[in-house]
Amino acid sequence: MKLFRLVTFCVCIQSFSLAYGDFSPEKVGEIEMLPSPYPDHWVIIRDFGALALSIEGRHLVVDPLGKSLKDQFKGMMTASFAADLLNSPSGDEYYVVETFWSRGGRGGERTDVVSIYDPMTLAVVDEIYVPPRRITGMPKRSNTGLINSGRFLAIYSFSPSQDALIVDLRNRRYVNKIPLAGCGLVIPNGELSFTSVCADGSLQTTHLKIDGTLKDRSKVYDVFNPIEDPIFEAPAIFDDMAYFLTYKGTVVPIDVSKEKVTVKTTWKLSDSDNGWRPGGINQLVEDSSGLVYMLMHPDGDDGTHDNGGSEIWVFDMLERKRLSRIALESWGIAMGTSGSDGNRLLFVTNINQKVDTYRIPDGRFLKTLDVGAQAPLVLQGVR
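Within every chain, residues take consecutive numbers counted from 1 along the sequence as written. Where local features are concerned, this predicted model is filtered to residues with pLDDT of at least 70; where side-chain atom pairs are given and counted, the filter is 80 or more; whole-chain, interface and lining totals use all residues. To get the side-chain values, all heavy atoms of the structure are used, and hydrogens and water are removed first.

**Looking at the state of the cysteines**
The condition that has to hold: Disulfides are defined as pairs of cysteine sulfur atoms found within 2.5 Å of each other. Helix and strand assignments follow DSSP, with helices taken as H or I runs no shorter than four residues and strands as E runs no shorter than two, numbered in order from the N terminus. Only protein chains enter the accessibility calculation, which uses a 1.4 Å probe; a residue whose area is less than 20% of its type maximum is buried, one above 50% is exposed, and one in between is partly exposed.
Counted according to the given criterion, the structure contains one disulfide. At a sulfur-sulfur separation of 2.0 Å, the disulfide partner of Cys-183 is Cys-198. Taking the sign of the torsion about the S-S bond as the criterion, the disulfide between Cys-183 and Cys-198, at about 95°, is right-handed. Of this pair, Cys-183 sits in strand S12 (residues 183-189) while Cys-198 is found in strand S13 (residues 193-198), placing the two residues 15 residues apart along the sequence. Take Cys-183 and Cys-198: they sit in the same class, and that class is buried.

Now the structure itself:
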């Protein structure tokens, strides 16, 4: 018996040597540089890190057209505790708003920072400390916003008072906290303003001075009915127009080109498809051409707004016209887009937490990405 085990062990070692004889380990200490700028069809997958309760989230830089996992996975940035990410307008920095705890999963002292990454090396090049108050909930595109051509960063704070934390990115310093008084989230408008959604159905705009401190506020009332038909908080934005969508399928266009926002004429989605409603974690996105994509599900009712959907409806918002319907390979819960001209892509996080990739606007299914994300809930183009 002992002789048999020895022979078997030797055969296994020999087989292993033959199979991996050409294997050579990577050299330690070498850092590869990513291209600058990235190809615009690349995507950043914001992994919520559900299995570690968001403490070890990640932002994955991915080439979705790569043939293999090796070709697709380009790099990673850390994203501690439901972090948010923004691209600088010039494309030379990424801003990751994240939270750390001194005792890890057991809590301890909390530290909130804006981590500034170099896109070519994905290394942290600077940090800005902010008060430990930012909202740490489900990731949404409107949790943060860049103002004044990227000089200021506004961070939605919830502690449980609702505020905005203003960060001066040019001078790398925290400026101050601005109370929002019953309103939440950050949608930049004009040069030095941002708009928040309020619980009473209004929109409140906060106007800043040139140093980032509060100048004044303005409000638009009766934008939506928060009881009968609330709106999804994150609009699709293109050409200085922010398009909100209500739970029951009404489009609410907001002109965000000036310091004070104005509400344009609202309109309903096609009523020829009775029972269809929008839903999902991120259910409304725009592409680089200005087309808007809506994640839709049949048999909609009260409480189905988080359900996701089996189809994506493609709309020309200026014409108020649905151009096509994309039948999804798998039930979708979140969306994102990347690319320009004839190289536009649509990404859909499916019910199995994988990312399905489609050509748009025609909706042709390409592949399912499996880059190891646990909860890829926000999918954003690199530009």
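**Side note on the sheet that holds strand S10 (residues 162-168)**
Convention followed: Should DSSP find at least two bridges between two strands, the strands are taken to pair. In this description, a line fitted to the C-alpha atoms serves as the axis of each element, helices being fitted only across the stretch in contact, and the angle between N-to-C directions of two axes falls anywhere from 0 to 180 degrees.
Spatial ordering of the open sheet is given by S8-S9-S10-S11, a layout of four strands whose pairing is antiparallel. The open sheet has two edge strands with one neighbour each: strand S8 (144-147) and strand S11 (173-179). Averaged over all neighbouring strand pairs, the angle between strand axes comes to 25°, with direction disregarded. Sheet analysis places strand S9 (residues 152-158) next to S10, joined by seven bridges and oriented antiparallel. The residue of S10 that forms the bridge with Ile-155 is Leu-165.

**Describing the packing of aromatic side chains**
So the rule is basically this: Here a pair means two rings of Phe, Tyr or Trp (six-membered ring of Trp) with centres within 6.5 Å. Their orientation is stacked below 30 degrees between planes, edge-to-face above 60, and tilted elsewhere.
This structure, assessed with the given rule, holds seven aromatic pairs. Centroid distance Tyr-38 to Trp-42: 5.0 Å. Interplanar angle 40°. Geometry classified as tilted. Each member of the pair, Tyr-38 together with Trp-42, is buried. Relative to Phe-365, the ring of Tyr-358 lies with its centre 5.4 Å away and its plane at 65°, an arrangement referred to as edge-to-face.

**Here's the deal with the confidence of the model for the protein chain**
Cut-off, in case you're wondering: pLDDT measures the predictor's confidence residue by residue and takes values from 0 up to 100. Contact between two residues is taken to exist if any of their heavy atoms lie within 4.5 Å; hydrogens are not considered.
Looking at the protein chain as a whole, its pLDDT mean stands at 91, while 92% of the residues score no less than 70. Segment residues 1-20: pLDDT under 50, and zero contacts once partners within four positions in sequence are set aside and those in other chains are kept.

**A look at the sheet that holds strand S2 (residues 57-62)**
Adjacent strands of a sheet form backbone hydrogen bonds with each other and so pair up, either parallel or antiparallel. One open sheet holds the four strands; their spatial order is S3-S2-S1-S29, and the pairing between them is antiparallel. Strand pairing shows two members of the sheet lacking a second neighbour, strand S3 (73-79) and strand S29 (376-381), which therefore form its edges. Each neighbouring strand pair of the sheet contributes to a mean axis angle of 20°, computed without reference to strand direction. Where strand S1 (residues 43-47) and S29 come together, five bridges link them in antiparallel fashion.

**What to know about the environment of Phe-315**
Topologically, Phe-315 is positioned in strand S24 (residues 309-316). The buried category is assigned to Phe-315, whose relative accessible area is 2%. Residues Phe-315 and Glu-228, 87 residues apart in the sequence, show an inter-C-alpha distance of 24 Å.

**Quick word on the pattern of salt bridges**
Side chains that carry opposite charge are capable of pairing whenever their charged atoms lie near each other. Note the following rule: Salt bridges are identified by distance alone: a Lys or Arg side-chain nitrogen within 4 Å of an Asp or Glu carboxyl oxygen.
Tallying each qualifying case throughout the model produces 15 salt bridges. With its nearest N and O atoms 3.5 Å apart, the salt bridge here joins Arg-141 to Glu-286. Here the residue Arg-141 occupies a position in the loop between strand S7 (124-130) and S8, and Glu-286 occupies one in strand S22 (residues 284-286), the gap between them amounting to 145 residues. One connected set of salt bridges, linked through shared partners, spans Arg-46, Asp-84 and Arg-134.

**So, the pairing of S12**
With six of seven residues buried, S12 is to be regarded as a mostly interior element. In the sheet, S12 pairs with S13 via five bridges, with the strands oriented antiparallel. Within the sheet, the bridge partner assigned to Asn-189 lies in S13 and is Ser-193. Connecting the antiparallel pair S12 and S13 is a turn made up of three residues, with Gly-190 showing a positive phi of about 60°.

**Quick word on the environment of Gly-275**
Here Gly-275 shows up in the loop between strand S20 (267-268) and strand S21 (277-278). Residues Gly-275 and Arg-322, 47 residues apart in the sequence, show an inter-C-alpha distance of 16 Å. Residue contacts for Gly-275: discarding those within four places in its chain leaves His-297, Pro-298, Asp-299 and Gly-300.

**Focus on the side chain of Ser-202**
Put simply, the rule reads: Pairs of N or O atoms are called polar contacts if they sit within 3.5 Å, as long as, within protein, a hydrogen donor faces a hydrogen acceptor (for residues adjacent in sequence, only side-chain-to-side-chain pairs).
Among the structural elements, Ser-202 can be located in the loop between S13 and strand S14 (203-208). A relative accessible area of 0% places Ser-202 in the buried class. There is a polar contact of 2.5 Å between the side chain of Ser-202 and the side chain of Asp-200. Not counting residues up to four positions away in its chain, the partners in contact with Ser-202 are Ser-196, Val-197, Lys-219, Val-220, Tyr-221, Asp-222, Val-223 and Phe-224.

**Focus: the pairing of S14**
Burial runs high along S14: six of the six residues are buried. Sheet analysis places S13 next to S14, joined by five bridges and oriented antiparallel. Bridge pairing in S14 places Ser-196 opposite Gln-204. Where S13 hands over to S14, the hairpin turn is made up of four residues, of which Gly-201 adopts a positive phi near 90°. Sheet topology note: the S14/strand S15 (residues 214-220) ladder contains six bridges and is antiparallel. Counted as the bridge partner of Thr-205 is Ser-218 from S15.

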